[in-house]
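Observations on chain architecture
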Amino acid sequence: NEYELIDNIPSSTPGQTLEESILFRNEAQIDFSLLTLTPYVEWSPFWNAFAHVGIMPGIVLSSHVTHTKNPAQEYVTLDDGQVVRVSFGENETGEPQDVIEDGAVPQLQQFQVSIVGGVGIDIPVSEKIVITPLYQYAVPLTVLSERGASFKIRASQILISATINL
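Keep in mind the model is a prediction, meaning the values are calculated, not measured.

1. A short note on the overall build of the protein chain
Counting secondary structure elements, the protein chain contains 0 helices and 11 strands. Burial status across the protein chain gives 25% buried among its 166 residues. For the protein chain, the proportion of contacts with a sequence separation of at least 24, taken over those separated by at least 6, is 59%. In the form shown here, the protein chain has an accessible surface area of approximately 11,100 Å², with 56% of it arising from carbon and sulfur atoms.

Structure follows, in structure tokens:
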């Protein structure tokens, strides 16, 4: 996820200190591992097509967030007309970047609950084998973290299963 924000930062020039507005790009990479159980009710309106809806409780097994901030502009013009280069920390590729956060998601809610709905179709391949493509969408009822306002992640899933009758 990425967003841009204008921050006021102090700039130092010989003999003076000024506040300058600089455009920064904030980026966050968030990873979660969850263990879930999804009981559902299924409805088959025709042929082998079906729809289902259910509740998906789960436990977060691990989480990680990396939040970085980097200047979206390399140069800024001061009030007196001077053009100065914006300097910042650097990442491993030498690009200006500052790591704001790198670790487990703070104030994580371990127990999660979502409502899930999906549509799919059973495709018989032979008398004993059925392939089932399925699209599923999950809407969370609980927040992932108490930090921030309503931090929830919706999930779209495309699944394929195979059933073999022995």
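2. Description of the side chain of Gln-112
The residue Gln-112 is located in strand S8 (residues 111-121) in this model. There is a polar contact of 3.0 Å between the side chain of Gln-112 and the backbone oxygen of Gln-109. Residues in contact with Gln-112, not counting those within four places in the same chain, are Leu-34, Met-56, Pro-57, Gly-58, Val-60, Thr-142, Val-143 and Leu-144.

3. Describing the layout of surface pockets
Taken as a whole, the second largest pocket holds about 350 Å³ of empty space. In terms of lining residues, the second largest pocket is bounded by 17 residues, among which Leu-34, Met-56, Ser-114, Ile-153 and Ala-155 are the most central. Listing elements by their share of the lining of the second largest pocket, those giving two or more residues are strand S2 (16-36), strand S4 (49-71), S8, strand S10 (129-140) and strand S11 (155-164).

4. Observations concerning a nonpolar patch on the surface
A cluster of nonpolar side chains, Val-41, Val-53, Ile-55, Ile-115 and Leu-141, forms an exposed patch at the surface whose accessible area comes to about 430 Å². Along the chain, Ile-115 turns up in strand S8.

5. Considerations on the environment of Phe-32
Relative to the helices and strands, Phe-32 is located in strand S2. Separated by 112 residues in sequence, Phe-32 and Leu-144 place their C-alpha atoms 9.8 Å apart. The residues touching Phe-32, leaving out its near neighbours within four places in the chain, are Val-60, Ser-62, Ser-63, Val-105, Leu-108, Leu-144, Phe-151 and Ile-153.

6. What to know about the environment of Glu-42
Relative to the helices and strands, Glu-42 is located in strand S3 (residues 40-46). Looking at Glu-42, the relative accessible area reads 41%, which means it is partly exposed. Taking the C-alpha atoms as reference, Glu-42 lies 9.3 Å from Val-119; in sequence the two are 77 residues apart. In contact with Glu-42, not counting residues within four places along its chain, are Phe-50, Ala-51 and His-52.

7. Considerations on unusual backbone geometry
A positive phi angle, close to 40°, is found at Trp-47, a residue other than glycine. If you trace the backbone, Trp-47 turns up in the loop between S3 and S4.

8. Quick word on the pairing of S4
Strand direction decides the pairing type here: S3 and S4, joined by 5 bridges, are antiparallel. Counterpart to Tyr-40 in the pairing with S4 is Gly-54. Here 11 bridges tie S4 to S8, and the two strands are oriented antiparallel to one another. Counterpart to Ile-55 in the pairing with S8 is Ile-115. Sheet analysis places S4 next to strand S7 (residues 98-103), joined by 5 bridges and oriented antiparallel. Bridged to His-67 within S7 is Glu-101.

Rules behind the numbers
- Residues numbered from 1 in each chain as written.
- Predicted model: local features only at pLDDT ≥ 70, side-chain atom pairs only at ≥ 80, totals over all residues.
- Heavy atoms only, no water.
- Helix = DSSP H or I, 4+ residues; strand = E, 2+ residues; numbered from the N terminus.
- Buried < 20%, exposed > 50% of the residue type's maximum accessible area, 1.4 Å probe, protein only.
- Contact = heavy atoms within 4.5 Å.
- Areas by Shrake-Rupley, 256 points an atom, 1.4 Å probe, with all protein chains shown as cover.
- Polar contact = N/O pair within 3.5 Å; in protein donor to acceptor, adjacent residues only side chain to side chain.
- 1 Å grid on protein atoms, 1.4 Å probe; cavity = no way out; pocket = protein on both sides within 12 Å on 5 of 7 lines; lining within 4 Å.
- Points joined across faces, edges and corners; volume = space filled by probe spheres on them.
- Patch = residues over 30% accessible without salt bridge, like charges linked within 9 Å, V, L, I, M, F, W, Y side chains within 5 Å.
- Salt bridge = Lys/Arg side-chain N within 4 Å of Asp/Glu carboxyl O.
- Pairing = 2+ DSSP bridges.

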